[in-house]
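One-letter residues, chain by chain:
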Amino acid sequence: MHKVTSFNAEIPALGMGTYTINGNRGAQLIAKALGMGYAYLDSAQMYDNEADVGKGVKLSGQPREDVFVLTKVHPENIGKKDFLNSVEESLRKLSLDHVDLLLIHWPNPNVPVVESVGELIKAKERGYTRFIGVSNFNIAQINAALATGAEIVTNQVEFHCLIDQRKVHEFLRGKGISMTAYSPLGQGRLLGHPMLASLAKKYDRSQAQIALRWLVAHDGVIAIPRSSNENRLTENLGIFEFELSEQDMKALGSLSTPSQRFVDWYYSPQWD
Ligand code: NDP
């Protein structure tokens, strides 16, 4: 698996999404995933599973420095009053003294970007995280974040072959920032699309593998699919064993439209 570099951060191009992966079963699955080659876990305060993610890391027996742990600050916690306390609580739950990457989960219309990013910078200065980034930020919001001098290493957004993210991607790459594709399988709803079915047949791969391979073939893109099933976790790791032709990359890219989201906005996107 290749790594995506942004500033000094080296991020595995495929991570494990952990939304709804929780409890003892979740911790065991995470430990197994780390054993099979995953090295990056995507958690969030909102998923209420940081303790289980921390247990999974411990159970796996992997050295701490070999696991890239990410968590995200809940949008209700990104103001000055709650930000750092909430990160301290996340670290307690994770049983870690730092995470590798800390994100603002969603911008909050009631908190100026300069305030929330200022807190993110403080979290890094205190050693709570090695790197910082954002999620669900539009271009104007990223510009506002960068204007504070923050080294933003990623913007995590919904991205898959049905949603057109070319503008944001081009902008981020121009700034040396990676783009992390969440819901890379459209929460499973991408599967069954006739073009994925036909390419799966052509490459003798699963539809999920075609969809994920398409994503990680983009410059600076990281994908974080979730599966609650060991076999499918292994299957999703298999995307580094083959490549799609340029023509098929283009054909899949031509399916996208700007509005094909599967994930609801936490706040209305109109506020900005
Ligand atoms: P995904 O697009 O990853 O899809 C998950 C679904 O796909 C599950 O139902 C899973 O089923 C199925 N699936 C996974 N692999 C396969 C496979 N090989 N074959 C068939 N089905 C498969 O959805 P998510 O929304 O969970 O996105 C991934 C991660 O992104 C989240 O878990 C979270 O970490 C992050 N995220 C971040 C957001 C943000 O605002 N920053 C918003 C949303 C997600 P099964 O479990 O049965 O395998």
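Structure first, text after, so check above.
Basis of the calculations
- Residues numbered from 1 in each chain as written.
- Predicted model: local features only at pLDDT ≥ 70, side-chain atom pairs only at ≥ 80, totals over all residues.
- Heavy atoms only, no water.
- 1 Å grid on protein atoms, 1.4 Å probe; cavity = no way out; pocket = protein on both sides within 12 Å on 5 of 7 lines; lining within 4 Å.
- Points joined across faces, edges and corners; volume = space filled by probe spheres on them.
- Helix = DSSP H or I, 4+ residues; strand = E, 2+ residues; numbered from the N terminus.
- Nonpolar A, V, L, I, M, F, W, Y, C, P; charged D, E, K, R; others polar.
- Axes fitted to C-alpha atoms, helices over the stretch in contact; angles between N-to-C directions.
- Parallel < 35°, antiparallel > 145°, perpendicular 65-115°, else oblique.
- Left-handed = near helix turned anticlockwise from the far one by under 90°.
- Contact = heavy atoms within 4.5 Å.
- Buried < 20%, exposed > 50% of the residue type's maximum accessible area, 1.4 Å probe, protein only.
- Arc of directions from axis to C-beta.
- Pairing = 2+ DSSP bridges.
- Phe/Tyr/Trp six-rings, centres within 6.5 Å; stacked < 30°, edge-to-face > 60°.
- Salt bridge = Lys/Arg side-chain N within 4 Å of Asp/Glu carboxyl O.

**Q** Lay out the layout of surface pockets in plain terms, naming residues and giving numbers.
**A** The space that makes up the largest pocket amounts to roughly 700 Å³. In terms of lining, the largest pocket is formed by 33 residues, of which the most central are Y19, S183, Q187, R226 and V263. Per-element accounting of the lining of the largest pocket gives the leading share, three residues, to helix α9 (residues 230-237). Looking at the lining of the largest pocket, its residues break down into 14 nonpolar, 13 polar and six charged.

**Q** Describe in detail the packing of helix α7 (residues 194-203) against helix α10 (residues 246-253), supporting the description with residues and values.
**A** How two helices sit against one another is set out by the angle between their axes and by the gap between those axes. The contact between α7 and α10 brings their axes to 11 Å, and the two run at 165°. In terms of orientation, α7 lies roughly antiparallel with respect to α10. Crossing handedness for the pair α7 and α10: left-handed. Contacts from M195, L196, L199, K202 and Y203 in α7 reach D248, A251 and L252 in α10.

**Q** Account for helix α6 (residues 166-174), naming residues and giving values.
**A** Within α6, the full set of buried residues consists of V168, H169, F171 and L172. Down the axis of α6, the smallest arc covering the buried residues is 165°, so these residues share one side. In α6, the exposed residues that point more than 90 degrees away from the buried face are R166, K167, E170 and G174. On its buried side, α6 packs onto α5 (139-147), β8 (152-158), β9 (178-182) and β10 (221-223). Of the residues trailing α6, G176 is marked for its positive phi of about 80°.

**Q** An account of the sheet that holds β8 is requested, with residue identities and associated values reported.
**A** The strand order across the open sheet built from eight strands is β3-β4-β5-β6-β7-β8-β9-β10, with neighbouring strands paired in parallel fashion. Of all strands in the sheet, those with a lone pairing partner are β3 (16-17) and β10, marking the two edges.

**Q** Account for the side chain of K72, naming residues and giving values.
**A** Take K72: it is sitting in strand β5 (residues 68-73). When near neighbours in sequence (up to four residues on either side) are disregarded, K72 contacts D42, S43, A44, Q45, Y47, L103, H105 and Q156.

**Q** Quick one: what's the story with α10, residue by residue and with numbers?
**A** Within the span of α10, buried status applies to D248, M249 and L252. With its buried residues spanning 105° around the axis, α10 presents them on a single face. Exposed residues on α10 whose side chains face more than 90 degrees from its buried face are E246, Q247 and K250. Elements in contact with the buried residues of α10: α7 and α8 (207-216).

**Q** Requested: an account of the packing of aromatic side chains, with residues and values cited.
**A** In this structure the tally under the stated criterion is five aromatic pairs. With 6.2 Å between their ring centres and 50° between their planes, Y203 and F242 make a pair best called tilted. Of this pair, Y203 sits in helix α7 while F242 is found in the loop between α9 and α10, placing the two residues 39 residues apart along the sequence. Given a relative accessible area of 10%, F242 falls into the buried group.

**Q** Can you explain the pattern of salt bridges? Please cite residues and give values.
**A** As enumerated under the stated definition, the model contains 13 salt bridges in all. Across the pair K32 and E230 runs a salt bridge whose closest N-O atoms are separated by 3.2 Å. Here the residue K32 occupies a position in helix α1 (residues 23-36), and E230 occupies one in helix α9, the gap between them amounting to 198 residues. Since its relative accessible area comes to 37%, E230 is described here as partly exposed. Close ionic contact of R205 with E241 constitutes a salt bridge, the shortest N to O distance being 3.1 Å. Of this pair, R205 sits in the loop between α7 and α8 while E241 sits in the loop between α9 and α10, placing them 36 residues apart in sequence. Judged by its relative accessible area of 23%, R205 falls in the partly exposed class. For E241, a relative accessible area of 59% corresponds to the exposed category.

**Q** Pulling in residues and values, what's your account of the pairing of strand β1 (residues 3-6)?
**A** Across the two faces of β1 the burial differs, with V4 and S6 buried and K3 and T5 not buried at all. Here β1 runs beside strand β2 (residues 9-12); their pairing, made up of four bridges, is antiparallel. By the bridge assignment for β2, V4 is matched with I11. The turn joining β1 and β2, which pair antiparallel and follow one another in sequence, is formed by two residues; a positive phi near 50° is taken by F7.

None of the figures reported here should be taken as evidence of function without further support.
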